[in-house]
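Each chain, letter by letter, is given below.
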Amino acid sequence: MHRKTIYADYAATTPVSEEAFSAMLPYFLQSFGNPSAIYCYGLEAKQAVEEARRTIAGIIGARVNEVFFTSGGTEADNWALYATAEARKSRGRHIITTSIEHSAVYYPAQKLEKQGFEVTYLPVDKYGLVDPEELERAIREDTILVSIMMANNEIGTILNIEGLSGRAKAHKVLFHTDAVQAVGHIPVNVSELGVDMLSLSAHKFGGPKGVGALYIKVGNILPPLISGGGQEKGRRSGTSNVPGIVGMAAALREAADKMEQNMKKTAALRDRLIEGVLKIPYARLTGDPVNRLPGIASFVFEGLESMPIVSSLNEEGICVSSGSACSAGSGEPSRVLKAAGYPDELAGASLRFSLSERNTQEEVDYIVEKLHTVLETLRSKKNASMGAV
Ligand SMILES: Cc1ncc(COP(=O)(O)O)c(C=O)c1O
């Protein structure tokens, strides 16, 4: 039997922090009102929602009226793409994104293509970086939107959003960034980044699942994706998820306050893990060696497949992912790694460890040790079956 379970999949989701959890509780039990109501329960709830908006806006460098609550990162991404396409289709039907976006951007882009929009998927280099010159060359007269993620969820690469958004701005093209993996983990400031829209999601930084936000810069009249009762100034209908919004703000406050120390601790654990794993034969680090999220260490293991590695590690009490939470389980080679130039055999042999400040050195050492034995066992099984053929 293995000892306690080690969680190393924080990029998939995080536990709700104790601070966020206690901040949420009163809004389930006592202050349960609908924030649209004008009696005391409603007013209390509305006040909490507006306070949360102020907190989040302050942390990401936005104005209060630029933060709109959504049901999470997926909705925020879908909203940015579909609504921009709808609002600007008379000006042009060309959209630019990258080949390494999360499905929450990638699939809307594909759907828009089916609806008559033209989409350019910018290539990335072997580290997952986009060349601003490449973006410059792709921008056309009829380009209405550029959507490029801030940090990649599979390989952890942090992209140069400032440099990229400047190119779009010079051509008066709107720029959206999916910052779901970045917010709460590395400094994110919308004005420094120079973006017009930015998506974030609470459950990636110690908040609850099913709540997020889209930053929409003042002056960008983005039509709603969801219509109904006219909440969020008519931009996003639906009764506000009051406890979720309060929990998201509390989690982000805590993440921002502890960011420096958390980044330091997590990056040290990540580097220890990388050092240990790279001693294993045929292991290769993926993503940018320097510009990477503090928690993500991702690898490919030549000659093996992701799924058996993930399952064997699970049997040892270690929770990791083969790539993104969404494509994990599909058995398909990673679209991101393929875009970064990895052949199918390697893109199907990826493993993503995502750590947090909650992990320990002892856990990291245990992961390396078990990974070593798991890979050896899988290799000798594979060699034996090949010998038997
Ligand atoms: C980069 C990125 N964008 C968007 C999402 C979707 O966010 P949510 O789970 O809040 O819908 C994720 C979640 O894995 C992500 O990693």
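Residues numbered from 1 in each chain as written. Predicted model: local features only at pLDDT ≥ 70, side-chain atom pairs only at ≥ 80, totals over all residues. Heavy atoms only, no water.

(A) Representation of empty space enclosed by the protein in the model. The full count for this structure, using the stated rule, is one cavity of 30 Å³ or more. Each pocket or cavity is described by its volume, and for the largest cavity that value is around 50 Å³. Glu154, Ile155, Thr286, Ser298, Phe299, Ser322, Gly323, Leu337, Ser350, Leu351 and Arg352 are the residues that line the largest cavity. Elements with a minimum of two residues in the lining of the largest cavity: β10 (296-301) and β12 (350-354). Examining the composition of the lining of the largest cavity, we find that three residues originate from one element, β12, more than from any other. A per-class count over the lining of the largest cavity returns four nonpolar, five polar and two charged. (1 Å grid on protein atoms, 1.4 Å probe; cavity = no way out; pocket = protein on both sides within 12 Å on 5 of 7 lines; lining within 4 Å. Points joined across faces, edges and corners; volume = space filled by probe spheres on them. Helix = DSSP H or I, 4+ residues; strand = E, 2+ residues; numbered from the N terminus. Nonpolar A, V, L, I, M, F, W, Y, C, P; charged D, E, K, R; others polar.)

(B) Up close: the layout of surface pockets. Approximately 500 Å³ is the volume found for the largest pocket. Taken together, 30 residues make up the lining of the largest pocket; nearest its centre are Gly184, His185, Asn262, Ser356 and Glu357. Those elements that provide at least two residues to the lining of the largest pocket are α1 (18-24), α9 (242-257) and α10 (259-277). Sort the elements by how many residues they give to the lining of the largest pocket and α10 lands first, with four residues. Looking at the lining of the largest pocket residue by residue, the class counts come to twelve nonpolar, eleven polar and seven charged. Shared between two domains, the lining of the largest pocket holds at least three residues of each, these being domain 1 (6-14 + 258-388) and domain 2 (18-257). (Domains from an automatic or database assignment.)

(C) Geometry of the sheet that holds strand β7 (residues 197-201). Spatially, β2-β8-β7-β6-β5-β3-β4 is the arrangement adopted by the seven strands of the open sheet, whose pairing is mixed. Every interior strand has two partners, whereas the edge strands, β2 (67-70) and β4 (118-122), have only one. Pairwise comparison of adjacent strand axes, ignoring direction, gives a mean angle of 20° for this sheet. Across three bridges, strand β5 (residues 143-147) lies against strand β6 (residues 174-178) in parallel orientation. Within β6, the residue paired with Leu145 across the bridge is Leu174. Contacts from helix α3 (residues 40-60) reach β2, β7 and β8 (212-216), with the element oriented near 115° to β2. (Pairing = 2+ DSSP bridges. Axes fitted to C-alpha atoms, helices over the stretch in contact; angles between N-to-C directions. Contact = heavy atoms within 4.5 Å.)

(D) Structural view of the domain arrangement of the protein. You can read the domains of the protein as domain 1 (6-14 + 258-388) and domain 2 (18-257). One C-alpha centre belongs to domain 1, the other to domain 2, and the line joining them spans 28 Å. Interface of domain 1 and domain 2: buried area, both sides summed, is about 2700 Å²; carbon and sulfur atoms make up 52% of it. Three residues stand out in domain 1 for area buried against domain 2, namely Met259, Leu293 and Arg335, and they jointly supply 24% of the buried area on that side. (Buried area = accessible area lost by both parts, 1.4 Å probe.)

(E) Layout of helix α11 (residues 306-315). Regarding α11, the residues found buried are Ser306, Ile309, Val310, Ser312 and Leu313. Angular distribution of buried residues about the axis of α11 spans 165°; they occupy a single face of the element. Of the residues one or two after α11, Gly317 is the one with positive phi, at around 85°. (Buried < 20%, exposed > 50% of the residue type's maximum accessible area, 1.4 Å probe, protein only. Arc of directions from axis to C-beta.)

(F) Region of interest: the site of the ligand. The environment of the ligand is formed by 13 residues, the closest being Gly73, Thr74, Asp178, Ser201 and Lys204. Note that an oxygen atom of the ligand is positioned 2.8 Å from one of the backbone N or O atoms of Gly73. Interatomic distance of 2.6 Å between a side-chain N/O atom of Lys204 and an oxygen atom of the ligand. When the free accessible area of the ligand is taken as 390 Å², the share hidden by the protein chains comes to 88%. Of the residues that constitute the shell around the ligand, the class distribution is two nonpolar, eight polar and three charged. (Near = heavy atom within 4 Å. Polar contact = N/O pair within 3.5 Å; in protein donor to acceptor, adjacent residues only side chain to side chain. Areas by Shrake-Rupley, 256 points an atom, 1.4 Å probe, with all protein chains shown as cover.)

(G) Geometry of the sheet that holds strand β9 (residues 283-286). Strand order across the open sheet formed by three strands is β9-β10-β12, with antiparallel pairing between neighbours. Of all the strands in the sheet, the pair left with one neighbour each is β9 and β12. For this sheet, the mean angle separating the axes of adjacent strands, direction not counted, is 30°. Summarising the sheet, β9 and β10 pair through four bridges and their orientation is antiparallel. By the bridge assignment for β10, Thr286 is matched with Ser298. Packing against the sheet, α10 makes contact with β9, β10 and β12, and its axis sits at approximately 15° to β10. On top of the sheet, α11 reaches β10 and β12; it is set at about 40° to β12, its chief contact.

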